[in-house]
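Each chain, letter by letter, is given below.
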Amino acid sequence: MSAAPKHEQYDVVVIGAGPAGLAATTATARAGLSTLLLDENAGPGGQVWRAIGATPVKNEALLGADYWSGAEIARAARDSGAEIIHRATVWSLDRNLELGVSVGGGSAFIKAKRVIIATGAQERPFPIPGWTLPGVMTAGAAQTMLKSSGLVPDGPTVLAGQGPLLWLLAAQILRLGGRIDRVLDTTPRANYLAALPHAFAFMTSLYFVKGLAMMREVRAKVKVTTGVTELAAAGTDRLESVSYVTAGGRRERLPVELLLLHHGVVPNVNLAMAAGVEHRWNELQLCWTPVLDADGNSSIPGITIAGDGAGIGGAQAALWRGRIAAERAIKALRPTAKVSDLSPQLKRAERGRTFLDVLFRPAKQFRIPDGDTIVCRCEEITAKDVLDSVAIGATGPNQLKAYRRTGMGPCQGRLCGLTVTELMAEARGKSPQEIGYYRLRAPVKPIMLSELASLPKSDEATKAVVRG
Amino acid sequence: MTINTDAIIVGGGIHGCSTALHLCLAGLKPVLIEKDYAGRHASGVNAGGVRQLARDVAEIPLSIRSMGIWESIAALVDDDCGFESHGQVLVAENAAELAACRERVADLNARGFSHEELIDSAELRRLVPAVAESCPGGIVSRRDGAAQPARTTTAFRRKAEQLGAIIREGVTASNIRKEDRLWRVDVGDDTYAAPILVNAAGAWGGRIAAGLGEPVPVTTVAPMLMITSPVPHFIDPVVILRGRKLSFKQFKNGTVLIGGGHLAAPDQDRNETVLDWRSLAISARTVFELFPVMRSATIMRAWAGIEARMQDDIPVFGPSAVHEGLFHQFGFSLHGFQLGPGAGAVMAELIVHGGTQTRIGELSIERFRNASPSATA
């Protein structure tokens, strides 16, 4: 499956094989457009349907019906006539719709008439004291292990944070016989009140019944502490305990070997930003989202964005956004083609989202750390370091690079970018929009020097080049 | 509101910031106007080479003057700017290139310059053990080195502000004009007025000069750079190839910066560049061929900074040929970073004393007076 692309030019290149990418691919390929789907995982599904064709977890009830619905979507894409390449890393996209992609140790350049970015979401950074200790990991990483390998925690384990995915993961771990000692729910009490006006839409949405059932399922087996604040991980060489303050104001400490952190997902913006797509700060979802029209068209002609990368909407919304982006591409390249209006379906899929956004808006103390808490893991820069740099003249994330090299390590800002923006905004009394974000650059994912050069691999061949 | 100052500097690159700092040291109170922020373009994102090596003869005196300042940079700006002096080496890959090197060094010696030194293959191998064995020698400039560009430009900006310069960032200098014997520049709702105007606007310098009746042949370019993941320490000096577009240096943390002048497509009005990966692939191939240790490295980031390149590849530096009180300091053509500290010092002398001991005559805008510009950016 990991052969290089067959052609240098395609009508449509779709990046990412999650719900949005699979749906978009199916639609454009069926409409007769030459379609290439590039995905960096071993198989289709993205994060929500990770390993959908290959998971060792065969009992369907364990991962839930939503998970298995992905199989049908993936099958449709496979049979659509599109060229699909997995283990392909798109490391560059520019405003001329030229893509740099790595496949099987070599690189290729591809030109597209339309690009649909469906690179989905990533977990929001959760910078608490001790979050870099071995033994602390993101819930998403734990879920990847669970879906790909059927692995679940068996030592003392605490899940901390908030949001639908936290409860989903808890339920999945328990169903697979894994161990969870405690769930620490960090949802701020005030959020319940704020979310109330949106509750009706939520109660009539797709999420409500499923969400409630899942939370009940977890609560039946695990003690849940709500209204948690001042969460901290501690240990000398690795995680030994988790401490927190309860809603009643009592500080408690739990001995633990594994702490899984999660407080929501945010759009994965790196590729779109590096291409030059305009983004704006989204104050409700507390993240950067691309500026898009109703069809998902970005500020760069020919680039549309679908799925959670367009703003968090969940898997069902992603499917419809993928289809809408595809229709837009079909209409652009085949002006006589008949396309239908899918906005009612999208609207229905998005129902209840505002309630979730408001309810699970993470508290400031878990987004904007202070003191010695690490902000940038790559360069080990603390919140205090960032504030010290602000005090001597660093005005935004890009200037901060000159002082502290934040955002310049291997993660390319994925683990510190939002924190740095909000931290600097607060310190300078400005909005995150005014403070801005790192200017992101290709390669969006590191590539081998040898790949870029596409050079001969054997020593014999190399010597011949040097002497010649 | 009109604010009177001693000098107006347009452009917050290393040059504008250095001139602001040196004017403050001379007792003047300048204002520096920067449309983005100090070091946003070429001055903040260049390769950081502090190089006297392989310069045009016309700018060598300025480069030597600057080198003296670099060697005690912390005394000037309270920050060592990450400056390290491990020399810069120009590598000849064959006998013909070595012959050209020999000729170059002889020419410089005849002119009284001794900073470039011819080296044989043994000395080349001593300085750069990792270089391919087929290379017969080259040139070394031993006092050269490298610094961190954004940190350096920021340090100059900060020190200038501490010494009393007004720094206006994020605002465009507009409506540049001379009225009642004073230069006037609008910045938002404010107008700054001063007897002195310094055009240090980098890629935008050509537009300003043209707007004031001094068009020059200049283009906007964006030289590309890329940086790798850390590899084991293998090189100290900055290395430049004589015959190919490649320069590179290894930082203390093991990362390697690869440059050499392949160009991206600049979009000056958007503040953007579109990288040319096919050209970067050529650089990657050259590194792969010459330095086996680099073969396992990964490319972490690539970028390009927007700057001005003169038709004759040397800067426009010194007083205007037309207007009293106007000074130009732009067009450094991909090699202005090292010159920044010295150019600011010399510019302050020109402004305050009306002259300088440093020989800069050949850099004057006078040289374009009767030329018709081929391209004006």
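Residues numbered from 1 in each chain as written. Chains lettered and ligands numbered in written order. Predicted model: local features only at pLDDT ≥ 70, side-chain atom pairs only at ≥ 80, totals over all residues.

**Quick notes on the sheet that holds strand 10 (residues 182-185) of chain A**
Residues and elements named next belong to chain A. Strand order in this open sheet of five strands is 8-15-9-10-11, and the pairing throughout is parallel. The two strands at the open ends of the sheet, each matched to only one other strand, are strand 8 (136-138) and strand 11 (223-225). Here the average twist between neighbouring strands, direction ignored, is 20 degrees. Where strand 9 (residues 157-161) and strand 15 (residues 258-262) come together, five bridges link them in parallel fashion. When the bridges of strand 15 are listed, Val-158 appears paired with Leu-259. On the sheet, helix 5 (residues 164-175) packs against strand 9, strand 10 and strand 15 and is oriented at approximately 160 degrees with respect to strand 9. (Pairing = 2+ DSSP bridges. Helix = DSSP H or I, 4+ residues; strand = E, 2+ residues; numbered from the N terminus. Axes fitted to C-alpha atoms, helices over the stretch in contact; angles between N-to-C directions. Contact = placed C-beta atoms within 7 Å.)

**Describing the packing of helix 1 (residues 14-25) of chain B against helix 7 (residues 149-162) of chain B**
Residue and element names in this part refer to chain B. At their nearest, the axes of helix 1 and helix 7 sit 8 Å apart, and the two run at 30 degrees to each other. Taken as axis vectors, helix 1 and helix 7 run roughly parallel relative to one another. Considering only the axes of helix 1 and helix 7, their crossing is left-handed. Listed contacts from helix 7 to Ile-14, Cys-17, Ser-18, Ala-20, Leu-21 and Cys-24 of helix 1 are Thr-152, Thr-153, Phe-156, Arg-157, Lys-159 and Ala-160. By residue class, the composition of the contact of helix 1 with helix 7 is seven nonpolar, three polar and two charged. (Parallel < 35°, antiparallel > 145°, perpendicular 65-115°, else oblique. Left-handed = near helix turned anticlockwise from the far one by under 90°. Nonpolar A, V, L, I, M, F, W, Y, C, P; charged D, E, K, R; others polar.)

**With respect to the environment of Lys-178 of chain B**
All names here are of chain B. Tracing the backbone through its elements, the reader meets Lys-178 in strand 10 (residues 174-179). Considered as a pair, Lys-178 and Ala-92 are 86 residues apart in the sequence and their alpha carbons are 51 Å apart. Residues within four places of Lys-178 in sequence aside, it is in contact with Trp-183 and His-323.

**Points about helix 7 of chain B**
Note: α-helices contain 3.6 residues per turn, so residues at a spacing of three or four share the same orientation. Between the first and last C-alpha of helix 7 of chain B there are 20 Å, a value that for 14 residues agrees with the 20 Å anticipated at 1.5 Å per step. Where burial is concerned, most of helix 7 of chain B is hidden: 11 out of the 14 residues are buried. Taken residue by residue, helix 7 of chain B has Pro-149, Ala-150, Arg-151, Thr-152, Thr-153, Thr-154, Ala-155, Phe-156, Arg-157, Lys-159 and Ala-160 of chain B as its buried positions. In this structure, the buried residues of helix 7 of chain B make contact with helix 15 (397-404) of chain A together with helix 1, strand 3 (30-34), helix 2 (42-45), helix 4 (73-77) and strand 9 (166-169) of chain B. In the stretch just after helix 7 of chain B, Gly-164 of chain B is the one whose phi turns positive, near 115 degrees. (Expected span 1.5 Å × (residues − 1). Buried ≥ 20, exposed ≤ 12 C-beta atoms within 10 Å, placed from the backbone.)

**Focus on the domain arrangement of chain A**
All names here are of chain A. Partitioning chain A into domains gives domain 1 (9-122 + 266-336), domain 2 (125-263) and domain 3 (368-435). Taken together, the contacts link nine residues of domain 1 with 10 residues of domain 2. Within the side of domain 1 that touches domain 2, the residues separate by chemical class into five nonpolar, three polar and one charged. (Domains from an automatic or database assignment.)

**Here's the deal with the interface of chain B and chain A**
Residue-level contacts link 31 residues of chain B with 29 residues of chain A. Of all the secondary-structure elements, those providing two or more residues to the side of chain B that touches chain A are helix 7, strand 19 (272-274), helix 9 (277-290) and strand 20 (298-304) of chain B. Per element, the largest residue contribution to the side of chain B that touches chain A is eight residues, and it comes from helix 9 of chain B. Of the residues contributing to the side of chain B that touches chain A, the split by class is 17 nonpolar, seven polar and seven charged.

**Details of the sheet that holds strand 23 (residues 326-330) of chain B**
Residues and elements named next belong to chain B. Strand order in the open sheet formed by six strands is 9-3-2-13-23-22, with mixed pairing between adjacent strands. The sheet is open, and its two edges are formed by strand 9 and strand 22 (316-319), each paired on a single side. Averaged over all adjacent pairs, the angle separating strand axes in this sheet is 15 degrees, with direction ignored. Pairing geometry for strand 22 and strand 23, over four bridges, is antiparallel. Of the residues in strand 23, the one forming a bridge with Phe-317 is Gln-329. Strand contacts of helix 1: strand 2 (7-10), strand 3, strand 13 (196-199) and strand 23, with the helix running at about 170 degrees to strand 3, the strand carrying the most contacts. Those strands touched by helix 10 (residues 340-353) are strand 2, strand 13, strand 22 and strand 23, and its axis lies near 170 degrees from that of strand 23.

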